[in-house]
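Listed below, chain by chain, are the residues.
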Amino acid sequence: MIEIKNVSKWYGSFQVLKDCSTHVSKGEVVVVCGPSGSGKSTLIKCVNGLEAIQQGEILVNTTKVNDPKTNLPKLRSHVGMVFQHFELFPHLSITDNLCLAQVEVLGRGKEEAREKGLALLDRVGLKAHADKFPGQLSGGQQQRVAIARALAMGPYCMLFDEPTSALDPEMINEVLDVMVELAQEGMTMMVVTHEMGFARKVANRVIFMDQGQIIEDTTKEEFFGSPRSERAQQFLSKILHHCN
Amino acid sequence: MNYNWDWAVFFKSTGIGEEIYLHWFMSGLLWTLALSLCGWLIALLLGSLLGTMRTLPNRWLAGIGSAYVSLFRNVPLLVQLFVWYFLIPDILPESMQTWLKQDLSPEVSGFLIVTLCLGLFTAARVCEQVRTGIEALPRGQRQAAAALGLTTAQTYRRVLLPQAFRIVIPPLTSEFLNIIKNSSVASLVGLMELLAQTKQTGEFTANLFEAFTMATLIYFTVNMGVMFTMSRLERKLRVPGLIALGGK
């Protein structure tokens, strides 16, 4: 589904991604973790071409992302993305947020888009808020709407870029619950997160990044059992410290 | 000061038919409004286009926008007006010169030139307001729109510009007020707008104080009206649950 082959990226002379290779198969949930500044958000943004790469190749469903001939808007319309800061459109009502891209990009009729949007809103438990504006919802609610907005496009995979990092602690679970449900339904997901509980529960594989490199790319069992690299062990011991 | 105030002067005959001096002011006001509104329309459309261009990834388009701003914002309005009025018409193709200087009445050709001048001058300022409005939005908004598959044009039309315009309504109001006030430069090229009529009334009647008091009141009232309308617009477009976009 997602193939990342020998990807390198520079900001000026600073190399943010160093020869990264990995893949996400259909139905797989891959969690990407690592210290801040390790390039994990950059990597996930390369997958739908929000960030350009200078070397290597990224394929999504056999479409080459870093090919100038690729119709990026079309590709992106099939790849859902959820951002750290939700990025709902504040001037549009929740319903309009859900419908905008369905109508503009997929060319669905207004009524069809609305029905689809409301069904998904119901699924994330927010049907009552359809006519509100993003600024009137809590962070957790906004992020659930953002997930519904991405799902409304009928994506074949979903990218999550630290979806719970900007949330108050008590709102993290309501968002994770939605994501767990999605994973269990077989959605292909690439998730940048520090939520190791989530990784334990639903991830198939865990990727650990540091300084722009993929240091570990293993099954969940192996990662939590005995990560091979010292760097990953250190990282885990720091962030799991309070959970155990 | 020994001055004989005579407020009845506005109702005195100008000596031309049934006309009284108040008619001069009304006619001047209409020219002022026509100049400002037409100029504002040009400024708003062109300025929004240029402001948008300045934020595009395409360097050429962004470059054109910033060159425009440099040129039109760094030359005094009066200099620009004289160039448009006295110099440009002479370098136009023959047929356009004939049209502008002979086919059109001097009033209409003067009006067109001043409107264009005011519009282009103010467009540079509107451009900068619109640009800052767009740049004030979080980068993530652009990314989120792109991630949903919206094209750049759709992103601007549906996501960025509606938010940017809400943010810049207050500075745009200032530009709207400015163009109304700046339209008074038209009096220097013989267009009988409000200031020109005021001066003429002063010269004909020797009641300069009354004439300029009247002009002051008219400009003040018109601009208060614009301010009121714009703040109503701002309230109407207010986004519920949001402070940053003019909400509460």
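Computed from a predicted model, the values in this text were never measured in an experiment.

Procedures and definitions
Residues numbered from 1 in each chain as written. Chains lettered and ligands numbered in written order. Predicted model: local features only at pLDDT ≥ 70, side-chain atom pairs only at ≥ 80, totals over all residues. Heavy atoms only, no water. Patch = residues over 30% accessible without salt bridge, like charges linked within 9 Å, V, L, I, M, F, W, Y side chains within 5 Å. Areas by Shrake-Rupley, 256 points an atom, 1.4 Å probe, with all protein chains shown as cover. Salt bridge = Lys/Arg side-chain N within 4 Å of Asp/Glu carboxyl O. Helix = DSSP H or I, 4+ residues; strand = E, 2+ residues; numbered from the N terminus. UniProt positions renumbered as here; feature names shortened; annotations may be inferred. Phe/Tyr/Trp six-rings, centres within 6.5 Å; stacked < 30°, edge-to-face > 60°. Buried < 20%, exposed > 50% of the residue type's maximum accessible area, 1.4 Å probe, protein only. Pairing = 2+ DSSP bridges. Contact = heavy atoms within 4.5 Å. Buried area = accessible area lost by both parts, 1.4 Å probe. Polar contact = N/O pair within 3.5 Å; in protein donor to acceptor, adjacent residues only side chain to side chain. Core = buried A, V, L, I, M, F, W, Y, C linked by side-chain atoms within 4.5 Å. Axes fitted to C-alpha atoms, helices over the stretch in contact; angles between N-to-C directions. Parallel < 35°, antiparallel > 145°, perpendicular 65-115°, else oblique. Left-handed = near helix turned anticlockwise from the far one by under 90°. Nonpolar A, V, L, I, M, F, W, Y, C, P; charged D, E, K, R; others polar.

Draft legend 1. Local environment of a nonpolar patch on the surface. On the surface, Leu78, Val79, Phe82, Val83, Phe86, Leu87 and Leu188 of chain B cluster together to form a nonpolar patch covering roughly 570 Å² of accessible area. Among the structural elements, Leu78 of chain B can be located in helix 3 (residues 77-91).

Draft legend 2. A look at the UniProt feature "domain: ABC transmembrane type-1" (unreviewed entry) in chain B. Residues annotated in UniProt with the feature "domain: ABC transmembrane type-1" (unreviewed entry) correspond here to residues 29-230 of chain B. A helix fraction of 85% and a strand fraction of 0% characterise residues 29-230 of chain B, whose end C-alpha atoms lie 20 Å from each other.

Draft legend 3. How the structure looks around the packing of aromatic side chains. Under the criterion given, the structure shown has 16 aromatic pairs over all chains. Summarising the aromatic geometry, the rings of Phe208 of chain A and Phe235 of chain A are spaced 5.1 Å apart at their centres and angled 50° between planes, so their arrangement reads as tilted. Taken together, the residues span a long stretch of sequence, with Phe208 of chain A in strand 9 (residues 205-210) and Phe235 of chain A in helix 9 (residues 230-240) at a distance of 27 residues. By relative accessible area, Phe235 of chain A is classed as buried at 7%. The rings of Tyr3, Trp5, Trp7, Phe10, Phe25 and Phe209 of chain B are connected pair by pair, giving a single aromatic cluster.

Draft legend 4. Up close: the pairing of strand 9 of chain A. Residue and element names in this part refer to chain A. Among the 6 residues in strand 9, 6 count as buried, and that is most of the element. Residues Arg205, Ile207 and Met209 point to one face of strand 9 and Val206, Phe208 and Asp210 to the other, with burial holding for every one of them. Bridge count for strand 3 (residues 29-33) against strand 9 is 4 bridges, and the pairing is parallel. Looking at the pairing, Val31 lines up with Val206 of strand 9.

Draft legend 5. How the structure looks around the UniProt feature "domain: ABC transporter" (unreviewed entry) in chain A. According to UniProt, the feature "domain: ABC transporter" (unreviewed entry) maps to residues 2-236 of chain A in the numbering used here. Between the end C-alpha atoms of residues 2-236 of chain A there is a gap of 26 Å, over a span that is 37% helix and 26% strand.

Draft legend 6. Spotlight on unusual backbone geometry. Residues and elements named next belong to chain A. One non-glycine residue with positive phi stands out, namely Asn6, at about 45°. Secondary-structure assignment places Asn6 in strand 1 (residues 2-11). Of note, the phi angle at Glu162 is positive, near 45°, even though the residue is not glycine. By secondary structure assignment, the location of Glu162 is in the loop between strand 7 (157-161) and helix 6 (169-184).

Draft legend 7. The arrangement of the interface of chain A and chain B in detail. In this assembly, 24 residues from chain A lie in contact with 25 residues from chain B. Of the roughly 2,100 Å² buried at the junction of chain A and chain B (both faces included), carbon and sulfur atoms supply 63%. Joining chain A to chain B, the criterion identifies 3 salt bridges. With a shortest N-O distance of 2.4 Å, Glu104 of chain A and Arg158 of chain B are connected by a salt bridge. Summed over the shared surface of chain A and chain B, the result is 7 residue pairs in polar contact (both at pLDDT 80 or more). Secondary structure elements with two or more residues in the side of chain A that touches chain B: helix 2 (72-76), strand 6 (79-82) and helix 3 (94-104) of chain A.

Draft legend 8. Seen up close, the pairing of strand 2 (residues 14-24) of chain A. All names here are of chain A. Bridge count between strand 1 and strand 2: 7 bridges; the pairing is antiparallel. Along strand 2, the bridge assignment pairs Lys9 with Leu17. The antiparallel pairing of strand 1 with strand 2 creates a hairpin that spans 2 residues between the two strands, and Gly12 there sits at a positive phi of about 65°.

Draft legend 9. Structural view of helix 1 (residues 40-47) of chain A. Residue and element names in this part refer to chain A. Counting buried positions along helix 1 yields 7 of 8 residues, so the element is predominantly enclosed. Within the span of helix 1, buried status applies to Lys40, Thr42, Leu43, Ile44, Lys45, Cys46 and Val47. The first or second residue beyond helix 1 is Gly49, which carries a positive phi of 75°.

Draft legend 10. The nonpolar core, seen in detail. Residues and elements named next belong to chain A. Counting 92 residues, the largest nonpolar core has Ile2, Ile4, Phe89, Leu159 and Met190 as the members making the most contacts within it. Ignoring anything within four residues of it in the chain, the contact list for Ile4 reads Cys20, Ser21, Thr22, Leu43, Val47, Glu57, Ile58 and Met190. By size, the runner-up hydrophobic cluster in this structure holds 50 residues, among which are Met171, Leu182, Ala183 and Ala203.

Draft legend 11. Up close: the packing of helix 1 (residues 21-54) of chain B against helix 8 (residues 194-205) of chain B. Residue and element names in this part refer to chain B. Across the interface, helix 1 lies against helix 8 with an axial gap of 7 Å and an inter-helix angle of 160°. Classified by the interaxial angle, the pair formed by helix 1 and helix 8 is roughly antiparallel. At the point where helix 1 passes helix 8, the crossing takes the right-handed sense. Taking contact as the criterion, the partners of Tyr21, Trp24, Phe25, Ser27, Gly28, Leu29 and Thr32 in helix 1 are, on helix 8, Leu194, Gln197, Thr198, Gln200, Thr201, Phe204 and Thr205. A class-by-class count of the residues in the contact of helix 1 with helix 8 yields 6 nonpolar, 8 polar and no charged.

Draft legend 12. Highlighting the sheet that holds strand 8 (residues 189-192) of chain A. Residues and elements named next belong to chain A. In space, the 6 strands of this open sheet follow the order 6-7-8-3-9-10, with mixed pairing throughout. Edge positions in the sheet fall to strand 6 and strand 10 (213-219), since each has one partner strand and no second. Strand-to-strand, the axes of this sheet are offset by a mean angle of 15°, without reference to chain direction. In this sheet, strand 8 lies alongside strand 3 in parallel orientation, the contact comprising 4 bridges. Considered in strand 8, the bridge of Val32 is made with Val192.

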